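Report on the structure
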Amino acid sequence: MSVDLSMPILVVDDYNTMVRIIRNLLRQVGFTNVDDASDGIGALRRLREKRYSLVISDWNMEPMTGYELLKEMRADPVLAAVPFIMITAESKTENVIAAKKAGVSNYIVKPFNAATLKAKIDAIFVEQPHAA
């Protein structure tokens, strides 16, 4: 089974440069349907307007962090099953554990490249396929 390269992906980061980097990395591995939001509140708004197959979010954002966004999504029956990749500059064990407990699908520590991003997406959709 291969990943649907046309699936809608939402990138959430309050740093525009990082949004551009992630968009470019997604494009490099073939993804074409990418939207973005600048914080968790904006992401929730977008998620309630359009069905996304994957959310890729930074952890550190204001006013709503990626971790808070993840918890909000997992508490919402409509959004609970949407795969979620958390991106962070910190590799603190307690953050990874907290994200796992909150229901994160995968975790990426910055810096990363297209191959790492593709491997993390494949791990969700190819190795452990589920409907989103």
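Description of the structure in this document. Quantities reported herein were computed from a predicted structural model and do not represent experimental measurements.

**Some words on the pattern of salt bridges**
Counting across every chain of the model gives 7 salt bridges. Between aspartate 35 and lysine 50 there is a salt bridge; the shortest N-O distance is 2.9 Å. Note that aspartate 35 is positioned in strand β2 (residues 34–37) and lysine 50 in the loop between α2 (40–49) and β3 (54–58), a separation of 15 residues in sequence. What makes lysine 50 partly exposed here is its relative accessible area of 31%. Notably, a salt bridge pairs lysine 118 with aspartate 122, separated by 2.8 Å at the nearest N-O pair. Taken together, the positions of lysine 118 and aspartate 122, both in helix α5 (residues 114–125) and 4 residues apart, correspond to about one turn of that helix. A residue is classified by how much of its surface remains accessible, and lysine 118, at 35% relative accessible area, is partly exposed. Salt bridges here are not isolated pairs; linked through shared partners, they connect Asp35, Arg46 and Lys50.

**Examining the side chain of asparagine 106**
The topology assignment puts asparagine 106 in strand β5 (residues 106–109). On the basis of relative accessible area, asparagine 106 is assigned to the buried category, the value being 12%. The contact partners of asparagine 106, leaving out residues within four places of it in the chain, are Phe84, Ile85, Met86, Lys120, Ala123 and Ile124.

**Observations regarding unusual backbone geometry**
Note: most residues except glycine have negative phi, and most peptide bonds are trans. Omega for the bond connecting glutamate 62 with proline 63 falls within 30 degrees of zero, at 0°, which places this linkage in the cis form. Here proline 63 shows up in the loop between β3 and α3 (66–75). Going from lysine 110 to proline 111, the amide bond is cis rather than trans, its omega being -5°. Looking at the secondary structure, you find proline 111 in the loop between β5 and α5.

What counts, and where the lines are drawn
- Residues numbered from 1 in each chain as written.
- Predicted model: local features only at pLDDT ≥ 70, side-chain atom pairs only at ≥ 80, totals over all residues.
- Heavy atoms only, no water.
- Salt bridge = Lys/Arg side-chain N within 4 Å of Asp/Glu carboxyl O.
- Helix = DSSP H or I, 4+ residues; strand = E, 2+ residues; numbered from the N terminus.
- Buried < 20%, exposed > 50% of the residue type's maximum accessible area, 1.4 Å probe, protein only.
- Contact = heavy atoms within 4.5 Å.

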